[in-house]
Number of protein chains: 2
Amino acid sequence: MTSVEKRFPGRLPIRDGKVDMSHGSGGRASAQLIEELFLRHLDNDLLRRGDDSAQFGVPAGRMVMSTDCHVISPLFFPGGDIGALAVHGTLNDVAMSGATPLYLAAGFILEEGFPLADLERIVAGMAAAATAAGVPVVTGDTKVVEKGKGDGVFITTTGIGMVPPGVEIAGDRARPGDAILVSGTIGDHGVAIMSSRENLEFDTTITSDSAALHTLVAQVLGAAPDIHCLRDPTRGGLATTLNELARQSRVGMRIRESGIPVRGAVKSACELLGLDPLYVANEGKLVCICPAPQAAAALAAMRAHPLGGEAAVIGEVVEDPHHFVQMETTFGGQRIVDWLAGEQLPRIC
Amino acid sequence: MTSVEKRFPGRLPIRDGKVDMSHGSGGRASAQLIEELFLRHLDNDLLRRGDDSAQFGVPAGRMVMSTDCHVISPLFFPGGDIGALAVHGTLNDVAMSGATPLYLAAGFILEEGFPLADLERIVAGMAAAATAAGVPVVTGDTKVVEKGKGDGVFITTTGIGMVPPGVEIAGDRARPGDAILVSGTIGDHGVAIMSSRENLEFDTTITSDSAALHTLVAQVLGAAPDIHCLRDPTRGGLATTLNELARQSRVGMRIRESGIPVRGAVKSACELLGLDPLYVANEGKLVCICPAPQAAAALAAMRAHPLGGEAAVIGEVVEDPHHFVQMETTFGGQRIVDWLAGEQLPRIC
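Residues numbered from 1 in each chain as written. Chains lettered and ligands numbered in written order. Predicted model: local features only at pLDDT ≥ 70, side-chain atom pairs only at ≥ 80, totals over all residues. Heavy atoms only, no water.

Quick look at the overall build of chain A
Secondary structure assignment for chain A yields 10 helices and 14 strands. In summary, chain A has a C-alpha radius of gyration of 21 Å against a globular reference of 20 Å for 349 residues, a match within 12%. In terms of its C-alpha atoms, chain A occupies a principal-axis envelope of roughly 70 × 50 × 35 Å. In chain A, the share of contacts with a sequence separation of at least 24, taken over all contacts with a separation of at least 6, comes to 85%. Approximately 12500 Å² of chain A is accessible, and the part contributed by carbon and sulfur atoms is 52%. Distance between charge centroids for chain A: 3 Å, based on 29 positive and 41 negative side chains. (Helix = DSSP H or I, 4+ residues; strand = E, 2+ residues; numbered from the N terminus. Rg over C-alpha atoms; globule rule 2.2 N^0.38 Å. Contact = heavy atoms within 4.5 Å. Areas by Shrake-Rupley, 256 points an atom, 1.4 Å probe, with all protein chains shown as cover. Lys, Arg positive; Asp, Glu negative; His and termini not counted. Charge placed at Lys NZ, Arg CZ, Asp CG, Glu CD.)

What follows is the structure, encoded as structure tokens:
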């Protein structure tokens with residue numbers, strides 16, 4: 001720590017200080033923020049080098065790259081914070097190709113006046129999530145905007161990973177006859193955020209399902225190697241994700257409402273809030289579409305994983321020139337489950 | 001275009017419409033914004049697939065990854081716009097390791113109410129810069145925040161590239177005796193932004209030097225393969241970049257003020273604005289540190305490139321336990337060139 005003492009006139013006032021414009025200057029104050037806050041929590045050999053990029057060896061193969069901007073409000077919520085979410089959100093997009101995530105990059109846009117103590121909690125949340133996932137944040141950037149030109153903290157994370165040989169997963173690969181699975185209960189994240197935003201209290205606290213799904217994906221792929229599609233139903237919820245996949249694959253889907261796992265507390269909260277759980281965002285669930293003969297194996301593999309205990313087969317892919325998602329309701333009727341129209345839950349991720 | 005007509009009730013009102021919260025919903029409006037605006041300009045096979053990640057083959061080797069948040073104000077400025085800048089800024093960070101850039105990811109944070117026509121200009125600017133550089137934007141994300149919670153458009157870009165065998169460039173590799181070169185005039189970008197912000201008129205319009213430097217890097221590496229350090233002096237300017245490199249490499253530096261290229265108009269504007277060109281941001285220049293015997297070849301290679309016509313050798317690396325950057329002034333004196341302290345030019349990139 002001697003080098004720090006010598007280099008900066010005093011230590012960064014994390015306990016009661018605030019982000020100011022100089023932290024985005026690229027000069028001494030930026031260097032101190034990076035060294036005493038970001039690097040202290042996210043520390044690893046690549047990040048510590050202090051170059052404007054990270055360098056690492058990669059094997060030949062198929063790489064995936066994905067980026068996600070996180071603007072969730074509030075920044076702290078039951079079950080997580082924007083830092084952890086920014087890790088999970090991007091890792092999951094990488095994992096949905098079947099890839100093993102390798103590295104993350106993180107870009108922070110901070111609002112002048114934001115408490116450094118809150119920023120530290122967020123960076124610590126990011127660090128804990130990255131460590132738990134085994135995927136380091138190896139490069140980053142920080143910018144500061146004037147008070148009133150941002151909203152506390154926005155984080156954009158980008159991830160890369162490698163797809164194992166033989167795995168061929170894409171949104172356009174669903175085929176009539178395929179089974180549709182979901183890895184657990186839906187709606188938890190969106191309802192947790194809404195409840196926290198509206199200061200609603202329920203009998204049970206509903207917490208976000210925010211989690212990194214790459215180990216679940218690896219386990220399911222081990223049991224069902226011919227998976228056609230994987231996607232995490234985030235913004236727009238399960239309904240929108242199924243419609244996206246139906247459209248990309250030029251197929252229809254039939255799902256059964258009774259088969260879709262939804263927690264009782266989430267169901268009640270949705271009724272109170274006027275939300276349909278089908279359209280509510282998730283951050284730790286995935287939709288899996290695979291050939292019917294592998295569905296049982298995929299389901300068993302999901303249920304054997306800590307993040308897939310309540311997995312279920314919820315329907316099947318059908319031929320349909322209109323690419324409709326149709327649902328058999330719990331009352332025995334049929335309805336078309338459309339794309340999310342308008343905005344149901346702003347800034348949910 | 002038939003599929004578009006069928007899918008969305010009407011076309012996106014680019015001419016007179018505005019970004020609204022539904023464009024960040026992940027539902028139908030988001031899909032339309034992506035399809036009719038982003039995809040139309042940035043179109044390529046990987047982006048068009050519509051998955052949440054892009055997939056591509058990579059050879060075995062050393063990869064670099066870099067990310068940069070762009071919050072520049074104003075969004076349009078003499079010599080560029082935030083879209084082009086977001087391409088150049090990240091490509092340059094990748095190129096400063098000697099790497100050949102391969103792919104870009106782009107994340108947009110839009111403020112509710114931002115004119116779609118302006119967004120289109122920005123995306124077109126990004127597309128033109130990416131095409132000119134030969135590096136496609138292969139994956140992206142768009143979020144929308146409420147009016148007053150952002151500032152028009154923020155763009156975070158992430159780039160990856162591969163380092164050619166034998167190239168070993170890093171901030172900690174400067175050695176006493178090495179030559180220090182700069183690829184051209186300094187201060188153009190920062191002064192262009194400040195002039196545009198303050199509505200200042202000079203005899204000559206000063207334009208940003210915003211440019212992608214990877215072809216310049218390749219040309220210089222061809223002539224001087226043992227380059228030790230490359231860095232683009234963006235925020236904090238040349239002074240801060242040299243201090244960063246001195247600190248990382250645990251050396252000192254001696255530079256000559258008379259050798260540093262600065263345009264006359266930039267010099268005058270800096271006097272008027274009370275700025276020191278050494279601390280003013282650049283977006284199309286690089287600092288190169290190489291063994292003295294290769295300096296002449298590096299300089300000739302720079303000067304032979306369209307972006308390096310005014311390149312110059314500006315000093316040399318020395319031993320110095322204090323890691324000071326010292327400058328021989330035009331008046332023959334000596335002064336220490338310190339890190340940028342405080343904030344000189346907020347939101348310059």
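Details of the sheet that holds strand 10 (residues 252–256) of chain A
All names here are of chain A. Within the open sheet, the seven strands sit side by side as 9-11-8-12-10-13-14. Their pairing is mixed. Each having just a single partner strand, strand 9 (229–231) and strand 14 (334–336) make up the two edges of the open sheet. Each neighbouring strand pair of the sheet contributes to a mean axis angle of 25°, computed without reference to strand direction. In this structure, strand 10 lies alongside strand 12 (residues 312–318), joined through four bridges in antiparallel fashion. Its bridge partner being in strand 12, Arg-254 is matched across the sheet by Glu-316. (Pairing = 2+ DSSP bridges. Axes fitted to C-alpha atoms, helices over the stretch in contact; angles between N-to-C directions.)

Section: the interface of chain A and chain B
With 80 residues of chain A at the contact, the number on the chain B side is 80 residues. In this assembly, chain A packs against chain B so that about 6400 Å² is buried in total across both faces, 51% of it on carbon and sulfur atoms. By the criterion of area lost to chain B, the three top residues of chain A are Gln-55, Met-65 and Arg-235 of chain A, representing 12% of everything that side buries. Summed over the shared surface of chain A and chain B, the number is 16 salt bridges. Linking Arg-28 of chain A and Asp-338 of chain B is a salt bridge whose minimum nitrogen-to-oxygen distance equals 2.7 Å. Remark: the boundary between chain A and chain B carries 40 residue pairs in polar contact (both at pLDDT 80 or more). At the level of elements, helix 2 (28–42), strand 1 (54–58), strand 2 (61–70), strand 5 (100–111), strand 6 (137–145), strand 7 (153–163) and helix 8 (237–249) of chain A are the ones that each hand at least two residues to the side of chain A that touches chain B. Element by element, the count of residues in the side of chain A that touches chain B is highest for strand 2 of chain A, at nine residues. (Buried area = accessible area lost by both parts, 1.4 Å probe. Salt bridge = Lys/Arg side-chain N within 4 Å of Asp/Glu carboxyl O. Polar contact = N/O pair within 3.5 Å; in protein donor to acceptor, adjacent residues only side chain to side chain.)

Re the relation of the copies chain A and chain B
By a simple turn and slide, chain A fits onto chain B: the slide is 0.0 Å along the axis, the RMSD is 0.0 Å, and the turn is 180°. The operation mapping one copy onto its partner corresponds to a two-fold rotation axis. (Least-squares fit on C-alpha atoms with pLDDT ≥ 70 in both.)

Some remarks on the sheet that holds strand 12 (residues 312–318) of chain B
Residue and element names in this part refer to chain B. Spatially, 9-11-8-12-10-13-14 is the arrangement adopted by the seven strands of the open sheet, whose pairing is mixed. One side of each edge strand has no neighbouring strand; the edge strands of this open sheet are strand 9 (229–231) and strand 14 (334–336). The sheet shows a mean angle of 25° between the axes of neighbouring strands, direction not considered. The pairing of strand 10 (residues 252–256) with strand 13 (residues 325–328) spans four bridges and is parallel. The partner of Met-253 across the bridge, within strand 13, is Val-325. In this fold helix 8 (residues 237–249) packs onto strand 8 (179–182), strand 9, strand 10, strand 11 (287–290), strand 12 and strand 13, with an angle of close to 145° to the strand it touches most, strand 9.

Quick notes on the packing of helix 4 (residues 82–95) of chain B against helix 5 (residues 116–133) of chain B
One way to put it is that helix 4 of chain B packs onto helix 5 of chain B with a least axis distance of 6 Å and a crossing angle of 35°. Taking contact as the criterion, the partners of Ile-82, Gly-83, Ala-84, Ala-86, Val-87, His-88 and Leu-91 of chain B in helix 4 of chain B are, on helix 5 of chain B, Ile-122, Gly-125, Met-126, Ala-129, Ala-130 and Ala-133 of chain B.

Focus on the UniProt feature "domain: PurM-like N-terminal" (unreviewed entry) in chain A
Mapped onto this numbering, the UniProt entry gives "domain: PurM-like N-terminal" (unreviewed entry) at residues 50–163 of chain A. For residues 50–163 of chain A, the end-to-end C-alpha separation is 29 Å, with 28% helix and 45% strand making up the annotated structure. (UniProt positions renumbered as here; feature names shortened; annotations may be inferred.)

A closer look at the packing of aromatic side chains
Applying the stated criterion across every chain yields a total of five aromatic pairs over all chains. Between Arg-121 of chain A and the ring centre of Phe-76 of chain A, over which it is positioned, the NZ or CZ distance is 3.7 Å. (Phe/Tyr/Trp six-rings, centres within 6.5 Å; stacked < 30°, edge-to-face > 60°. Lys NZ or Arg CZ within 6 Å of the ring centre and 35° of its normal.)

Describing the domain arrangement of chain A
Quite often, the size of an interface is put as the accessible area lost when its parts meet. Residues and elements named next belong to chain A. Considered domain by domain, chain A is made up of domain 1 (2–163) and domain 2 (179–336). Here the C-alpha centre of domain 2 lies 29 Å away from the C-alpha centre of domain 1. Taken residue by residue, the interface counts 19 residues in domain 1 and 21 residues in domain 2. Carbon and sulfur atoms make up 62% of the surface buried where domain 1 meets domain 2, a total of about 1600 Å² over both sides. Taken as a group, Pro-78, Asn-92 and Met-96 account for 37% of the area that domain 1 buries against domain 2, more than any other trio of residues on that side. Put simply, domain 1 and domain 2 have zero salt bridges between them. Looking at the side of domain 1 that touches domain 2, the elements with two or more residues in it are strand 3 (76–77) and helix 4 (82–95). If one sorts the elements of the side of domain 1 that touches domain 2 by residue count, helix 4 sits on top with seven residues. When its residues are assigned to classes, the side of domain 1 that touches domain 2 shows 12 nonpolar, six polar and one charged. (Domains from an automatic or database assignment. Nonpolar A, V, L, I, M, F, W, Y, C, P; charged D, E, K, R; others polar.)

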